Amino acid sequence: MSHSTKRIMSTTAIVIASVAFGVLVSADLGLMPVTRAQTAPIQTAQGPVVSMTIPSFADVAERANPAVVSIATTEIVRTPQQRRRFGIDPFEFFFPDPRDPGRQQQPDDDARRQMSGGSGFIISPDGYILTNNHVVENASKVEVSYGYDENGYGGRTMPATIVGRDPATDLALLKIEGSAFPTLPLGDSDRIRRGDWAIAIGSPFQLNNTLTVGVISAKGRALGISDATRSFENFIQTDAAINFGNSGGPLLNISGEVIGINTAIRGGLAQGLGFATPVNIARRLLPQLKEGKVTRGYLGMEIREVTEDIREAWSLPAGTTGALINRVTPGRPADKAGLQHGDIVVEIDGRPIRTNRELIDYISYLPVGTNVRITYIRNGDRRTTTARTAERPPDDQIDETSEPGIAEPVQNRLGMAVQDLTPQVRQMRGIDESVRGVLVTSVRNVSPAGEANIQEGDVIMEVHGERITNIEQFRRAIERFQSGQKIRMYVTTPARARGDGFTRFTILTVP
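These lines cover the structure that appears in this document, whether it is placed above or below. Everything numeric in this text was worked out from a predicted model, so none of it was measured.

Rules of the game
Residues numbered from 1 in each chain as written. Predicted model: local features only at pLDDT ≥ 70, side-chain atom pairs only at ≥ 80, totals over all residues. Heavy atoms only, no water. Helix = DSSP H or I, 4+ residues; strand = E, 2+ residues; numbered from the N terminus. Buried < 20%, exposed > 50% of the residue type's maximum accessible area, 1.4 Å probe, protein only. Areas by Shrake-Rupley, 256 points an atom, 1.4 Å probe, with all protein chains shown as cover. Pairing = 2+ DSSP bridges. Salt bridge = Lys/Arg side-chain N within 4 Å of Asp/Glu carboxyl O. Arc of directions from axis to C-beta. Polar contact = N/O pair within 3.5 Å; in protein donor to acceptor, adjacent residues only side chain to side chain. Phe/Tyr/Trp six-rings, centres within 6.5 Å; stacked < 30°, edge-to-face > 60°. Lys NZ or Arg CZ within 6 Å of the ring centre and 35° of its normal.

### Looking at the overall build of the protein
Looking only at helices and strands, the protein has 12 helices and 30 strands in total. In the protein, which comprises 511 residues, the proportion classed as buried is 44%. Roughly 27,500 Å² of accessible area belongs to the protein as shown, and the carbon and sulfur atoms make up 51% of that amount.

Here it is, written out as structure tokens:
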């Protein structure tokens, strides 16, 4: 290598080193320009999103833990005799209870103690505790433990009394004797927003004082958990981990206030799907829970949300909201007030009704015997009536029967064949005399009827508000509609030998 070549390479190395050093110094001193992507705030409809540091939840946990309790219940389970025909309970065979010391040690061969539990939290210094109804339902003995250290050890156990239960919202109120208990403050679940922090505390799998963190994923969820809760489900959804044993524990906001009562999880392959009952529901029910009984206003009608299809089928003005009455129970307040299936409830006591939930919540929390003014639309006319709320009967006693409803089958352009309900057809199908209409005998899968989920065995009782009693009436009714128009039908799936099947409105689009 020549001397000139060495000089060139040395000079080049010095230049590169100088540039690198200059970049480092400039960056350290903040002299380098920052790119737009680093400084521009994220714009939303409400303005720029303010950046924030992720907080520590240790302070929230420290304040909340003393008031969170672990609940242990004992239930005496009597095994049905028919499950013992082969000398063994099949549930015990496949799912043995490791805590069961053996059936031969039980004093009654048809009974055994079943242990279970969940979580809860103290809401008053005199020892009232909120939890889930399913945690303590049927319990013959309830004990609560609280005051664990940060690792879930220690704690004090004492007996608890069930003061009140409400299966419809899956809430229960317990009481322990004493005073000056640590408490959790109740927040406002109406003010939470999707994306807010959510903190769950409880005893999943008997791991006391477990804390998990996530966000509010959604509000107003309905899961159809049971017949008892179906009409009142209005869950907060969160991805804060909730597991078996978390039931009844608090869901907190970033300030450590209770915004929900952890109630359910979505099983199977689902992950990050936990559900909590909004704390504002518990607030409204607390006075009644303390009295030991929850009563609700009731009108006796089955409703469904007004959708765009319903607006078109009922010829409602664009943007109309409300609740379509699907069925009215005979003899109940709605029936006495003159309401009918097909009416659209748009206001209650002057309050606009936008969703089913608004109507159900308003009526159910009214005292029994309250007069309510109901504004509804029937055949395009706006009308008003007054109903007096009754006490909602137990769900298994609610009578939701409506005033319903061999010739050759007739195929029509909607993709289904129908027959008259002759005495022979009724006898063969087990359809009660109270059901009036035409019987669906077949449905093409790819057809308007198939898409509307009409099935063989259904009975069509009305077409666009016109009662149907025979095939000829049905044919004339559907021939009035042109391609693209929507037809509303009142359809029932009769229970065999009874007139109390599943009845609903369905909407078909004429091809």
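Once the structure has been displayed, the description carries forward.
### As for the pairing of strand β22 (residues 381-388)
Note: strand β21 (residues 371-378) against β22, 8 bridges, orientation antiparallel. Bridge pairing in β22 places Ile 377 opposite Arg 382. Remark: 2 residues form the turn of the hairpin made by β21 and β22, two consecutive strands paired antiparallel; Asn 379 in that turn has positive phi of roughly 55°.

### Regarding the pattern of salt bridges
This model, assessed by the stated rule, comprises 14 salt bridges. Of the charged contacts, one joins Arg 357 and Asp 361 as a salt bridge, the two residues approaching to 3.1 Å between their closest N and O atoms. Taken together, the positions of Arg 357 and Asp 361, both in helix α9 (residues 356-364) and 4 residues apart, correspond to about one turn of that helix. A salt bridge links Glu 472 to Arg 475; its shortest N-O distance comes to 2.7 Å.

### Topic: helix α12 (residues 471-479)
All buried positions along α12 are accounted for by Ile 471, Phe 474, Ala 477 and Ile 478. Seen along its axis, α12 keeps its buried residues to an arc of 125°; they face one direction. Its side-chain oxygen at 3.1 Å from the backbone nitrogen of Glu 472, Asn 470 defines the N-terminal cap of α12.

### Notes on the packing of aromatic side chains
One pass over the full model with this rule turns up 6 aromatic pairs. Between Trp 314 and Phe 505, the aromatic rings sit 5.2 Å apart at their centres with planes inclined by 75°, giving edge-to-face as the arrangement. As far as the burial class goes, Trp 314 and Phe 505 line up, both buried. Taken together, the aromatic side chains of Trp 314, Tyr 490 and Phe 505 make up a single cluster linked through ring pairs. The aromatic ring of Tyr 128 is capped on one face by Lys 175, whose charged end is 5.5 Å from the ring centroid.

### A few points about the pairing of strand β18 (residues 323-328)
Within β18, 6 of the 6 residues are buried, which leaves the element mostly enclosed by the surrounding structure. Both strand β17 (residues 301-305) and β18 contribute to a ladder of 5 bridges, which runs antiparallel. In the strand pairing of β18, Met 301 is matched with Val 328. Two elements, β18 and strand β19 (residues 344-348), share 2 bridges in a ladder whose sense is antiparallel. For Leu 324, the partnering residue across the bridge sits in β19 and is Ile 344.

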